[in-house]
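Commentary on secondary and tertiary structure
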Amino acid sequence: MSIMRPLLNAYLRWVEKPRLRRTTDPATLRRALEVQAKWMFFSPRGTQQSWQVLEAGQRRIDALEVVPKNLHNEGVIFYIHGGGFVFGSPRTHAAMVAHLAKRLGARAVLPQYRLAPEAPFPAAVNDVRAAWDGLLASGVDPSRVIVGGDSAGGTLALGLLSALAGEGGVLPAGVFCLSPLTDMTFSGESFQKNSDSDVYLVAERADEMTDMYLNGHSRTNPRISPLLADFTGAGPVWITVGDTEILYDDSRRMAAHLSASSVDVTLIEKHDLPHVWPIMQALLPEGRQTLDEIAHWVRQLPGWPGGN
């Protein structure tokens, strides 16, 4: 482990976690992350970003397109940002995704889905699906698309995969998830066991933020908790999580559930790394290593340009 890991963990534990614990206004959370992203997260030199509109029937979804300087294939990273369904945006996650795009020589598309509490479930689910349909309608080959997501974005990424597999239609080349939330009932042992060791997420705030998103819908709805969804016929999935996270068991149980459904799943467990650590890749060598690992996995996928 790098010398930066304990330093970053200390900063998150004593600065960011208390901020997340005491801040109740979603607008304040959103502004704070946007400011942090602007001053702490940087894309590779030469990266271009522009907004586009993905159209599916009567639906129009704004999406941020991220294009690396070394673009050399037709692959697309369809990335769904996290933030507890309440905060975060394509802008806050664009730098991390840009570094993955550079590694793969492919462009990325980050849909801007609606956030709770202004737009509770199923708004985010519907927006992500509309963005996916719009991407395909633009002429993109789904076998050349890798879907990714972190935390709540991982929830949405896995939910999209389950829906597509259930329809028996076209699938992406694969799906990767960073510290995904998969069980809205929070029944995993790690949710309580790691409440102190998790340097960022606040377990006691989870119900409050989840209620903003659910707006009365059942937590056991498979469209809400991917751990309870059917993944028969789904394509490859890659998941990584830290062993001190409250969502540690969400990933472990999700991997077991996928494996039981005969899905090709890879689970990478890391020691003492914070929630969605690759977003801190500029500071954290382990974040850069994880992006390397994702890129290596993507290149091996049969549908990816130049893959096996």
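Note that the structure is a prediction, hence the values are computed from the model and not measured.

**Focus: helix H2 (residues 26-40)**
Taking 1.5 Å per residue as the helical rise, H2 with its 15 residues ought to reach 21 Å, and the 21 Å between its terminal C-alpha atoms agrees with that figure. All of the buried residues along H2 are Pro 26, Leu 29, Arg 30, Leu 33, Gln 36 and Ala 37. Buried residues of H2, seen end-on, are gathered within an arc of 130° and therefore sit on one face of the element. When the buried face of H2 is taken as reference, the exposed residues oriented beyond 90 degrees from it are Arg 31, Lys 38 and Trp 39. Those residues of H2 that are buried lie in contact with helix H1 (4-22), helix H3 (90-104) and helix H7 (206-214).

**So, the packing of aromatic side chains**
A full pass over the atoms with the stated rule returns five aromatic pairs. Summarising the aromatic geometry, the rings of Tyr 79 and Phe 176 are spaced 5.9 Å apart at their centres and angled 35° between planes, so their arrangement reads as tilted. Pair noted here: Tyr 79 is in strand E3 (residues 76-80) and Phe 176 is in strand E6 (residues 174-178), with a separation of 97 residues, a long-range link. Here Tyr 79 and Phe 176 have matching classes, each one buried. For the ring pair Phe 186 and Phe 191, a centre distance of 4.6 Å and an interplane angle of 20° mean the geometry is stacked.

Rules used throughout
Residues numbered from 1 in each chain as written. Predicted model: local features only at pLDDT ≥ 70, side-chain atom pairs only at ≥ 80, totals over all residues. Heavy atoms only, no water. Helix = DSSP H or I, 4+ residues; strand = E, 2+ residues; numbered from the N terminus. Expected span 1.5 Å × (residues − 1). Buried < 20%, exposed > 50% of the residue type's maximum accessible area, 1.4 Å probe, protein only. Arc of directions from axis to C-beta. Contact = heavy atoms within 4.5 Å. Phe/Tyr/Trp six-rings, centres within 6.5 Å; stacked < 30°, edge-to-face > 60°.

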